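The primary structure of each chain is shown beneath.
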Amino acid sequence: MGDLVDLRLLLNFLVIFREGVHAAKRSSWMNRPRHHTMKLDSKIYRLASVLSLGAVIGTWLLVRVQESPSLISSSGPLSFVVPFNNEKVAMRVINGVRYGVGNDASAEWDVILPAGGHCVHVGDERYTVTLFHQLKCLQIIREQYMAPATDPILPHTQHCMNYLRQTLLCRPNLRLESVEDDFGLAERNYDTICKDWTKVYEEADRNQRAYAVMMQSDGDPRMSV
C-alpha cells in the first residue's frame, strides 16, 4: 500500500511539473518583447523546467521523509527502525485502577519508559521518540497533579498539555465509541486492535544498548560501571 501511495504522489507531482512547464512557456511567450530572440525563449523554458523539476523532487522527498522516518535512520547499530511487519495486538480498553495518579501507582509510572530513557541515537544525532515523549508528558502532568495546590504550574507542564494536543490531532484515532447516556459518556469497556507497541520498546532498548557499547569502546567515562 505504501508503494502505491508513493506512485500516486509521484504521478501527481509529474502532472504539476508538466503544467508548470507549460505555464512558464506560455508566460515567456506572452511577456516576450519583440526584440527578444527564440534563443532567449529557449533558455527561459529550460530554466523553468529545471526549477519546476527541482520543486517536484524536493516536495516528494519532503513527503517521504515526513511519512517514513526510517528514511533518516542510518544503517548499522545506531539506527531506529521499528519492524511492525503488519503485526497487530489486542487491547482491552477498560476503566481500570492501574497507572493512577496516587503514590501507589508510582512504581508503574517509573518504568513506563525504556530503561535507557526516552531518547535514541541515529548516526551522530540524538532523538526522542514521539511515543515516549507522550508518555513522559503524562508523567509530568501526573506529577503536577500530585503537587500541592499552591505550587505554580510549571512551563514544562504547559508544554506537555499542548504537545499531547498536537500529537493527538496529528494522528487521530477515528474509532467510533459507543456512548452510555445523553451526556455523551463514552463506553469504557471494549476490545480494540493496535500496533504492537512492544516493538518500539524493543528497538529503543537495542539502540540504547548499541550506543552504550559504542561509548564504552570509545572510553567515555559516562559509560563506566
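Here, the structure is the one placed above.
Because the structure is predicted, anything quoted here is derived from the model rather than measured.

**Focus on the packing of helix H4 (residues 130-146) against helix H6 (residues 198-217)**
Orientation of H4 relative to H6, taken along the N-to-C sense of each, is 100 degrees, at an axis distance of 10 Å. Our classification of the angle between H4 and H6 gives roughly perpendicular. Across the interface between the two elements, Leu131, Phe132 and Leu135 from H4 touch Val200, Tyr201 and Ala204 from H6. Across the contact of H4 with H6, the residue classes tally to 6 nonpolar, no polar and no charged.

**Comments concerning a nonpolar patch on the surface**
Taken together, Val101, Tyr145 and Met146 make up a surface patch of nonpolar side chains, about 310 Å² in accessible area. Among the residues examined, Val101 registers a relative accessible area of 43% and is labelled partly exposed.

**A short note on the state of the cysteines**
What the rule picks out here adds up to 1 disulfide. Shown here is the disulfide that connects Cys137 with Cys160, its sulfur atoms set 2.3 Å apart. The sign of the -75 degrees torsion about the S-S bond sets the Cys137-Cys160 disulfide as left-handed. With Cys137 in helix H4 and Cys160 in helix H5 (residues 155-170), the pair connects residues that are 23 residues apart, well separated along the chain.

**Quick notes on the side chain of His133**
Residue placement: His133 occurs in helix H4. In this structure, His133 is in contact with Thr128, His159 and Tyr163, ignoring residues within four places of it in sequence.

**Concerning the pattern of salt bridges**
Within the structure shown, the criterion is met by 4 salt bridges. Of the charged contacts, one joins Lys199 and Glu87 as a salt bridge, the two residues approaching to 3.4 Å between their closest N and O atoms. Remark: Glu87 occurs in the loop between helix H2 (38-67) and strand S1 (88-94) and Lys199 occurs in helix H6; sequence separation between them is 112 residues. Take Lys199: its relative accessible area is 19%, and that puts it in the buried class. Note that Arg98 is salt-bridged to Glu108, the shortest N-O span being 2.6 Å. You can see Arg98 sitting in the loop between S1 and helix H3 (106-110) and its partner Glu108 sitting in helix H3, a full 10 residues away along the chain. Residue Arg98 is classed as exposed on the basis of its relative accessible area, which comes to 57%.

**Describing the environment of Arg206**
Considering the arrangement of structural elements, one finds Arg206 in helix H6. Residue Arg206 is classed as partly exposed on the basis of its relative accessible area, which comes to 26%. For the pair Arg206 and Pro77, spaced 129 residues apart in sequence, the C-alpha separation works out to 8.2 Å. With sequence-adjacent residues up to four places away left out, Arg206 is seen in contact with Pro77 and Ser79. A distance of 3.0 Å separates a polar atom in the side chain of Arg206 from a polar atom in the side chain of Glu203.

The rules behind the values
Residues numbered from 1 in each chain as written. Predicted model: local features only at pLDDT ≥ 70, side-chain atom pairs only at ≥ 80, totals over all residues. Heavy atoms only, no water. Axes fitted to C-alpha atoms, helices over the stretch in contact; angles between N-to-C directions. Helix = DSSP H or I, 4+ residues; strand = E, 2+ residues; numbered from the N terminus. Parallel < 35°, antiparallel > 145°, perpendicular 65-115°, else oblique. Contact = heavy atoms within 4.5 Å. Nonpolar A, V, L, I, M, F, W, Y, C, P; charged D, E, K, R; others polar. Patch = residues over 30% accessible without salt bridge, like charges linked within 9 Å, V, L, I, M, F, W, Y side chains within 5 Å. Areas by Shrake-Rupley, 256 points an atom, 1.4 Å probe, with all protein chains shown as cover. Salt bridge = Lys/Arg side-chain N within 4 Å of Asp/Glu carboxyl O. Buried < 20%, exposed > 50% of the residue type's maximum accessible area, 1.4 Å probe, protein only. Disulfide = S-S within 2.5 Å. Polar contact = N/O pair within 3.5 Å; in protein donor to acceptor, adjacent residues only side chain to side chain.

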